[in-house]
Amino acid sequence: MTRPHYIPNHIPDPSYVRILDTTLRDGEQSPGAAMTPRQKLDIARQLWKLGVDVIEAGFPCSSESDFKAVKMISEEVGNCVGVDGYVPVIIGVARCNERDIQTAWDAIKHAKRPRISMFIATSPIHMEHKLKKSKEEVLEIACRMVSFARSLGCDDVQFVPEDAARSEKEYLYEIIGEVIKAGATTVDIPDTVGITMPWEFGKLIADIKANTPAIHNVVISTHCHNDLGLAVANTIEGARAGARQLEVTINGIGERAGNASLEEVVMALKCRGHEVFDGLYTGINTKHIFNTSKMVEEYTGMHLQPHKALVGANAFVHESGIHQDGWLKHKATYEIIPPESIGIERSSGTGIVLGKLSGRQALRKRLQELGYQLKDDEVASVFLHFKAMADKKKRVSDADLIALVSNEVTKAESIWKLGDLQVICGTQGLSTATVKLISTDGSEHIACSVGSGSVDSAFKAVNLIVKEPVKLVEYSVTIVTEGVDEIATAHVVIRKENNHDSTEQNVHPTFSGTEAGKDVVISSVGAYIAAINKMLGSN
């Protein structure tokens with residue numbers, strides 16, 4: 001089945017379901033998941049390989065960094081044309097005000113298929129306590145802002161009645177009908193707080209479809225959150241009820257408990273589309289799912305639980321003897337899909353094995369297979385560190401390569417770099433760390449501190465140099481490779497410390513940093529500095 005020709009407000013094939021990926025917007029709103037513009041561009045390139053119909057690239061008005069990322073994605077990925085003529089729609093998100101909408105348009109207008117998505121709350125609790133506006137005021141603003149977006153030259157406008165699941169249905173029918181008159185082409189129905197049961201959400205979509213004037217002139221979309229663990233189920237029920245655009249994220253990341261997972265929604269439709277979904281299908285190239293999942297996991301620092309459906313470490317692992325016996329006789333006894341269908345190769349011997357004798361072209365080829373498009377100087381940088389690693393290890397794994405790219409190419413601009421680190425620890429006395437950091441102007445700064453352990457003392461020494469009130473929210477170390485020559489990956493999440501009342505503890509966003517290496521303390525300090533650089537860069 002082929003992807004139908006793109007028309008903003010209509011899908012020629014009633015069985016086709018558009019996939020909107022919001023990893024770069026809602027996904028990045030996960031605590032600690034902030035990414036650099038380069039990282040977001042890499043993920044957007046991977047989403048193009050996946051065949052995502054619509055890429056929600058970000059919230060351009062939120063920061064200069066996000067504007068830059070959305071603009072880069074629009075100019076490059078938004079102009080990539082596939083062999084079948086496929087070009088992704090690029091979305092810039094905006095609140096319902098002229099400044100947001102103008103900024104979003106400035107960021108996306110160079111894409112072949114730009115779309116502005118604007119939102120305003122429509123539930124009684126949001127209108128009363130957050131917006132402090134009446135129904136009539138919200139209705140007037142929504143219609144005026146849709147018209148304003150169209151006046152800029154944007155012929156593809158998505159309207160989002162935030163918290164639609166808790167909105168009064170009659171009011172939803174009214175406001176949706178009016179924004180359609182004003183020029184909306186897609187109407188997104190979000191379960192913003194993840195409160196609905198699947199049958200309730202399906203009925204909401206069906207009721208909107210049956211009672212909203214001119215609803216046939218737009219595409220109905222869903223956007224489900226996972227607060228009760230029902231985001232995927234609600235999204236699928238929405239599709240069964242008539243929604244033909246589904247909003248999802250890679251690995252299901254997003255605000256609070258996350259969003260509907262792209263891989264789960266897409267593979268559910270692929271596995272059971274003809275059997276139980278009356279032939280619904282998507283244009284996703286599922287063989288790129290696994291690599292995309294790994295890239296998002298690495299860049300955001302949002303690590304997957306082993307039992308995560310499809311892309312978790314245990315998703316295709318069989319432990320029980322009974323299961324193993326059945327699987328060896330016929331794989332379909334305990335696997336409903338082959339792992340190869342989402343890009344997982346069972347045998348490490350199927351591709352190039354990289355080690356100390358491998359050359360630059362072999363490295364470049366494997367990086368391309370993993371989804372990374374690097375310039376010559378970037379390949380040279382990664383190759384230099386790859387050779388150093390290969391001298392210490394018999395084999396460099398994909399996980400090692402991903403960590404190298406993250407460390408050497410795509411990380412945040414280095415406001416501070418680690419120069420030297422010396423730690424003294426043991427059973428006698430407190431641990432002591434001496435740290436040398438190098439600033440952007442090349443000047444060296446040295447500090448010494450004591451702590452409850454080597455990592456704690458090193459972090460405190462970094463704080464003495466940086467002089468920023470930093471709170472460590474999360475710290476973990478994992479081993480990403482096996483054997484005696486393992487590489488340790490450190491992951492930290494920080495936020496700017498509050499100097500005021502504790503009631504403001506949620507004011508500051510969180511930032512994550514990841515670093516891999518053979519020394520746990522050095523990796524930990526590198527991850528901590530990477531997170532600080534993100535935090536300082538966001539300012």
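Per an unreviewed UniProt entry, the protein is named 2-isopropylmalate synthase, and its organism is Aeschynomene evenia. What UniProt states about the protein under its Pathway (unreviewed entry) heading is, verbatim, "Amino-acid biosynthesis; L-leucine biosynthesis; L-leucine from 3-methyl-2-oxobutanoate: step 1/4." The record in UniProt for the protein states the following under Sequence similarities (unreviewed entry): "Belongs to the alpha-IPM synthase/homocitrate synthase family. LeuA type 1 subfamily."

A look at the nonpolar core
Met 118, Phe 159, Ile 176, Ile 189, Ile 342, Tyr 372 and Leu 401 are the most contacted members of the largest nonpolar core, which has 110 residues in total. Residue contributions to this core peak at nine residues, all from helix 5 (residues 135-151). When we break this core down by domain, the ones giving at least three residues each are domain 1 (18-300) and domain 2 (321-409). Contact partners of Met 118, with chain neighbours within four places excluded, come to Ala 94, Arg 95, Cys 96, Ile 101, Met 145, Val 146, Ala 149, Val 157, Gln 158, Phe 159 and Val 160. If you look at the next biggest cluster of nonpolar residues, it comprises 27 residues, including Ala 34, Leu 437, Ile 494 and Ala 527.

As for the UniProt feature "domain: Pyruvate carboxyltransferase" (unreviewed entry) in the protein
The positions UniProt marks with the feature "domain: Pyruvate carboxyltransferase" (unreviewed entry) are residues 17-290. The span residues 17-290 is 43% helix and 17% strand, and its two end C-alpha atoms sit 21 Å from each other.

A look at the side chain of Asp 66
With respect to the secondary-structure elements, Asp 66 resides in helix 2 (residues 64-75). Residue Asp 66 is classed as buried on the basis of its relative accessible area of 8%. Asp 66 has contacts with Glu 28, Lys 40, Gly 58, Phe 59 and Pro 60, leaving out every residue within four places of it along the chain.

Describing the packing of helix 6 (residues 169-182) against helix 7 (residues 198-211)
Following both chains from N to C, one finds helix 6 and helix 7 inclined at 50 degrees, their axes separated by 10 Å at the closest point. Considering their axes alone, helix 6 and helix 7 lie oblique with respect to each other. Read as a crossing pair, helix 6 and helix 7 show a hand that is right-handed. Judged by residue contacts, Lys 169, Leu 172, Tyr 173 and Ile 176 of helix 6 engage Lys 203, Leu 204, Asp 207, Ile 208 and Asn 211 from helix 7. Each residue belonging to the contact of helix 6 with helix 7 can be placed in one class, and the counts come to five nonpolar, one polar and three charged.

What to know about unusual backbone geometry
One non-glycine residue with positive phi stands out, namely Asp 163, at about 60 degrees. Owing to a relative accessible area of 0%, Asp 163 belongs among the buried residues under this scheme. Of note, the phi angle at Ala 214 is positive, near 60 degrees, even though the residue is not glycine.

Some words on the sheet that holds strand 1 (residues 18-21)
Hydrogen bonds between backbone atoms are what pair the strands of a sheet, whose relative direction is either parallel or antiparallel. Read around the barrel, eight strands follow the order 1-2-3-4-5-6-7-8 and close on themselves; strand pairing throughout is parallel. Direction aside, the axes of adjacent strands within the sheet are offset by 25 degrees on average. Bridging between strand 5 (residues 157-162) and strand 6 (residues 186-191) involves two bridges; their strand directions are parallel. Directly across from Phe 159, in strand 6, lies its bridge partner Val 187. Of the strands in this sheet, strand 3 (89-95) and strand 4 (114-121) are in contact with helix 3 (residues 98-108), which crosses strand 3 at around 160 degrees.

Scoring rules and cut-offs
- Counting from 1, residues in each chain are numbered in the order their sequence is written.
- Note on the predicted model: pLDDT of at least 70 is required for a residue's local features to be given, and 80 or more for side-chain atom pairs to be given and counted; whole-chain, interface and lining totals, by contrast, use all residues.
- Note: side-chain values were computed over all heavy atoms of the structure, leaving out hydrogens and water.
- UniProt positions are given in the numbering used here, feature names are shortened, and annotations may be inferred rather than shown by experiment.
- Among the buried residues, those of types Ala, Val, Leu, Ile, Met, Phe, Trp, Tyr and Cys that are joined through side-chain atoms within 4.5 Å form a nonpolar core.
- Partly exposed describes any residue whose relative accessible area lies between the buried limit of under 20% and the exposed limit of over 50%, with all areas from a 1.4 Å probe on protein chains only and scaled to the type maximum.
- The way it works is that DSSP assigns letters per residue, a run of H or I at least four long becomes a helix, a run of E at least two long becomes a strand, and they are numbered from the N terminus.
- A domain assignment, automatic or from a database, supplies the domain bounds used here.
- Contacts were defined at the residue level, with two residues in contact if any of their heavy atoms lie within 4.5 Å.
- For helices, the fitted line uses only the C-alpha atoms of the stretch in contact; every axis is such a line through C-alpha atoms, and the angle between N-to-C directions lies from 0 to 180 degrees.
- Geometric relationships in this document are graded by angle, where less than 35 degrees denotes roughly parallel, more than 145 denotes roughly antiparallel, 65 to 115 denotes roughly perpendicular, and other angles denote oblique.
- When the near helix sits turned anticlockwise from the far one by under a right angle, the crossing is termed left-handed; a clockwise turn instead gives a right-handed crossing.
- Amino acid classes used here: Ala, Val, Leu, Ile, Met, Phe, Trp, Tyr, Cys and Pro are nonpolar; Asp, Glu, Lys and Arg are charged; the rest, including Gly, are polar.
- Only strands that DSSP links by at least two bridges are regarded as paired with each other.

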